[in-house]
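A look at the structure
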Amino acid sequence: MTINPRMLVLAREAQGLTQQDLAKATGLAQSTLSKAENGLRPLPEVEAPQVAKVLKVTPELLTWQEEIYGFGSASFFHRKQQSLSQRTLRKIQARVNLIRMRLVRLSDGISVDTSLTIPRIDVDDVGTAAEAARRVRATWRLPMGPVPNLVNIVEAAGGTVLLRDFETHRINAISVWHPGAGPLFVLNNTLSPERQRFVLAHEIGHMVMHEGEPPRETAEKEADSFAEELLMPAAEIFKDLGGIDVRRAAALKPYWRVPMQSLILRAEHLEIISQARSRSLHAYMNKAGYLASEPAPLERELPQIYREMLRIHIEEHEYSIQELSQVLGMSEGELESEIVGPSRRGLRLVQ
């Protein structure tokens, strides 16, 4: 067994551990780990199982040779400017890389039969982010009015959505589209159901307009504008927003399926209300505690493709938990926790 130094680093960072932490947990000298991670001296084979156990992976995962990618999208570059520790950033990057690698392995022998796609659109070619959103709505053949289950639509378009604990509120989501893998959206599981929808729409905007492109100063504003038009088309919501206040926003929320705050901001951006009025309503919501927790939360949209892939391997391909954990390079306990939950109805997975 030849340990890949980069996978050893990735697995350690995915657990948020330093070399010193891992050395203490395994009883190994930090110098041994340092030389192994730098490719100067192989990690002794006899030590691999103990190291893997602490890192909650299989020893085989430490030998994987897949490419490890950074986040090239504008969505991550913006977030890196926030006050996040390098350890947190590396942990999230490592975990998303492992998710991508595992999805590729799960996809072997299974394909998602979809009629939709997630298009790439150069915002400079179409003029505005709002126009890009209108084109995506047309591509997805969405009816007029509110977008139905957005997670379902993304997964029907070949994307994978996962909810994960980022252990920080400063990053809402990461979206990536790496070579050899489909579009991946990893959302912070602490988001409220309505906020989750807007954040996913925002990340779709990054995926459509910015993925793989050099970072641009306007990327975040463009993604917000895209999300607003995708979820609240101007031509259709304009009349609803007349005379909007907090009570009106609460009444519109169940229909448009977006946060009350997003409805108020949409009214401001469409110049239905002034910026001063928008700020006043924002202050009222803050005082009422609605910015932290809005009343009448929506039902959460739950992703299903990943769990459906797990189900097919267990129930139809007749993998044991032990066998599938080897395929995915994860501990049996973590795999069992992933399997819990309902599976998709409506999408067809083809073996």
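First, a word on scope: everything that follows refers to the structure included in this document. (Residues numbered from 1 in each chain as written. Predicted model: local features only at pLDDT ≥ 70, side-chain atom pairs only at ≥ 80, totals over all residues. Heavy atoms only, no water.)

**Description of the overall build of the protein chain**
When helices and strands are counted, the protein chain shows 18 helices and five strands. A compact globule built from 351 residues should have a C-alpha radius of gyration of about 20 Å, and the protein chain, at 22 Å, falls within 12% of that. In terms of overall dimensions, the protein chain has C-alpha extents of about 70 × 45 × 40 Å along its principal axes. In the protein chain, which comprises 351 residues, the proportion classed as buried is 49%. By element, 48% of the accessible surface of the protein chain is carried by carbon and sulfur atoms, the whole surface being about 16800 Å². (Helix = DSSP H or I, 4+ residues; strand = E, 2+ residues; numbered from the N terminus. Rg over C-alpha atoms; globule rule 2.2 N^0.38 Å. Buried < 20%, exposed > 50% of the residue type's maximum accessible area, 1.4 Å probe, protein only. Areas by Shrake-Rupley, 256 points an atom, 1.4 Å probe, with all protein chains shown as cover.)

**Quick look at the nonpolar core**
Among the nonpolar cores identified, the biggest contains 54 residues, and Trp140, Leu150, Ile204, Phe226, Ile244 and Leu263 are the most heavily contacted of them. Residue contributions to this core peak at eight residues, all from helix H10 (residues 193–209). Leaving out residues up to four positions away in the same chain, Phe226 has contacts with Ala129, Ala132, Ala133, Val136, Ala201, Ile204, Gly205, Val208 and Met209. Formed by 24 residues, the second largest nonpolar core is a distinct cluster that contains Ala14, Leu28, Ala94 and Leu98. (Core = buried A, V, L, I, M, F, W, Y, C linked by side-chain atoms within 4.5 Å. Contact = heavy atoms within 4.5 Å.)

**A look at unusual backbone geometry**
Although it is not a glycine, Glu167 sits at a positive phi angle of roughly 60°. Even without being a glycine, Glu271 presents a positive backbone phi close to 60°. Secondary-structure assignment places Glu271 in the loop between helix H14 (260–269) and helix H15 (275–287). Given a relative accessible area of 71%, Glu271 falls into the exposed group.

**Things to note about the packing of aromatic side chains**
Aromatic ring pairs are described here by two measures, namely the spacing of the ring centres and the angle between the planes. Applying the stated criterion across every chain, the model contains one aromatic pair. Judged by centre distance (5.3 Å) and plane angle (85°), the rings of Tyr255 and Trp256 are edge-to-face. Judged by its relative accessible area of 1%, Trp256 falls in the buried class. Over the face of the ring belonging to Trp64 we find Arg105, whose NZ or CZ atom lies 3.5 Å from the ring centre. (Phe/Tyr/Trp six-rings, centres within 6.5 Å; stacked < 30°, edge-to-face > 60°. Lys NZ or Arg CZ within 6 Å of the ring centre and 35° of its normal.)

**Let's talk about the sheet that holds strand S3 (residues 173–176)**
With mixed pairing, the three strands of this open sheet are ordered in space as S2-S4-S3. Sheet topology places strand S2 (160–164) and S3 at the edges, where each strand pairs with a single neighbour. The average undirected angle you get between the axes of adjacent strands in this sheet is 15°. Relative to strand S4 (residues 184–188), S3 runs antiparallel, the two being bridged by four bridges. (Pairing = 2+ DSSP bridges. Axes fitted to C-alpha atoms, helices over the stretch in contact; angles between N-to-C directions.)

**Details of helix H11 (residues 219–231)**
For an α-helix, the turn length of 3.6 residues means that residues three or four places apart are oriented alike. In this model H11 runs 18 Å from its N-terminal to its C-terminal C-alpha over 13 residues, within 8% of the 18 Å that 1.5 Å per residue would give. In terms of burial, H11 is largely enclosed, as ten of its 13 residues are buried. Turning to H11, its buried residues are Ala219, Glu220, Glu222, Ala223, Phe226, Ala227, Glu228, Glu229, Leu230 and Leu231. (Expected span 1.5 Å × (residues − 1).)

**Things to note about helix H13 (residues 246–256)**
Buried within H13 are the following residues: Val246, Ala249, Leu252, Lys253 and Trp256. The buried residues of H13 occupy one face: seen down the axis, they fall within an arc of 125°. Opposite the packed face of H13, turned more than 90 degrees from it, sit the exposed residues Arg247 and Ala251. For H13, the elements touching its buried residues are H10, H11, helix H12 (234–237), H14 and H15. The N-terminus of H13 is capped by Asp245, whose side-chain oxygen sits 3.2 Å from the backbone nitrogen of Arg247. (Arc of directions from axis to C-beta. Polar contact = N/O pair within 3.5 Å; in protein donor to acceptor, adjacent residues only side chain to side chain.)

Remember that the coordinates give geometry; whether it matters functionally is a separate question.
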